[in-house]
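Now for the letters of each chain:
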Amino acid sequence: MRFSLILIALVFLSHIAQGAEVAIGAVGTTDAGPDVDTLSCDADEVIVGLGVKGNDPVAGFGLICAMKNNLRVTRTGPSRFGHNPMVIEPPIIRQVCPADSLLVGFGVYAGQWVDRFVRLYCVDAQSFEPKDDFVTAIQPNGYQPLICDFSSRNHLSSLRVSTGLWMDSAEARCVEAPAPVSARGRTDAEREQRRHGNPPVRRGRGNPVNAKTLNSAGAVGTLTRTARPKDLACASFERISAFRVTHRAQQDLLDIQLQCTNRTMSSRARPGPSLSSSRSNKKDARVQRTLASCGTGPLLGVNARGTRALKRLESLACLPDKPTARSRTVRIQLGRPVEKKHRLRCPPGEEIRLLRVAATDRLTYFEPFCGPAP
């Protein structure tokens, strides 16, 4: 019997250690309203702010979420708001932690309901040091802070809210952060790995992805000893939606940079990895940058010209606007209209996941690799 109790206790403690949520308290009258909901961001996101509706009393909360590996890109998460038909609907005010921070709590005035929102409590995502002075004790005037134990690297993971006409209650839940996160969205282990070489692009949550796991759509140009290839790819939760090409008078192609778009939420494309030629930094009035974009993507293929070296990028094949169409063409017309034309296309059901390029004093090699979306 004693052995069984010890075993149960060890299982429970290991569950806590693996990141189980812990409720730290509630404000208002718990579960008093007819609508009760638990709000949380997606598994690959963290809470960095709140959307607060009304403030005398509070009508409800919504979450503001950010990707764990890029805390600066936020989206509006799930919400729960009360509704009083006798009053004008109040606006939703976004309250967001400073850049590269995590939300560890919030402070409100509360009695029977959540009467007034006061502030967020935020910590640095890497050191877990407070961003400003914390008032951690309940005040006699009704002020009640709900704050995770950030000294143990806990941060806010979900809210259980109850609403009717207004917000009746809010319960905060916390979880321990798995590893320190840097300002650029990398864990300490990832930054240490990058000091000793560029790690492979990762697909999904664990399996490394490189050109060997994908299918080549064909190549333009040849690789030489003076032009080493470089593989460019977006993060596993993103797709390649565009190229930004630097060129000289629309003739010599000098640089290329990927543009990456999140697969699960509508957001602007971010600048991805790039390759520059030896002439990219020289000042020249004829050097320009052109964006060749598929919108939000994905990118299905490229038409290019060249034999021994890349000479021209003619057009992109993008996801069609109509389901009956095979693809949608976006014309680029960059480079010299000479030599053999190559039609580099992904097979049905796949998209360009990685781009292998090389350069000397200009771009000389271009090879897209295709694979299914993760």
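Read on for an overview of the structure.

Reading the values: the criteria
Residues numbered from 1 in each chain as written. Predicted model: local features only at pLDDT ≥ 70, side-chain atom pairs only at ≥ 80, totals over all residues. Heavy atoms only, no water. Pairing = 2+ DSSP bridges. Helix = DSSP H or I, 4+ residues; strand = E, 2+ residues; numbered from the N terminus. Axes fitted to C-alpha atoms, helices over the stretch in contact; angles between N-to-C directions. Buried < 20%, exposed > 50% of the residue type's maximum accessible area, 1.4 Å probe, protein only. Contact = heavy atoms within 4.5 Å.

Taken together, 4 strands build an open sheet; the order of strands is E1-E11-E10-E2 and the sheet is antiparallel. Looking at which strands have only one partner, the edges of the open sheet turn out to be strand E1 (22-28) and strand E2 (35-40). The mean angle between the axes of side-by-side strands here comes to 20°, regardless of whether they run parallel or antiparallel. As paired strands, E1 and strand E11 (residues 167-176) are joined by 6 bridges and run antiparallel to one another. Directly across from Val 27, in E11, lies its bridge partner Ala 170.

What follows covers the environment of Ala 23. Along the chain, Ala 23 turns up in strand E1. For Ala 23, a relative accessible area of 47% gives the class partly exposed. As for Ala 23 and Cys 148, which are separated by 125 residues in sequence, their C-alpha atoms are 9.0 Å apart. If we ignore the near neighbours within four places in the chain, the residues touching Ala 23 are Glu 171, Ala 172 and Arg 173.

Our next topic: unusual backbone geometry. At Asp 100, a residue that is not glycine, the phi angle is positive and equals roughly 60°. For Asp 100, a relative accessible area of 10% corresponds to the buried category. Although it is not a glycine, Phe 128 adopts a positive phi angle of roughly 60°. Examined against the element boundaries, Phe 128 turns out to sit in the loop between strand E8 (114-124) and strand E9 (143-147).

Purely geometric numbers; function is a separate question.
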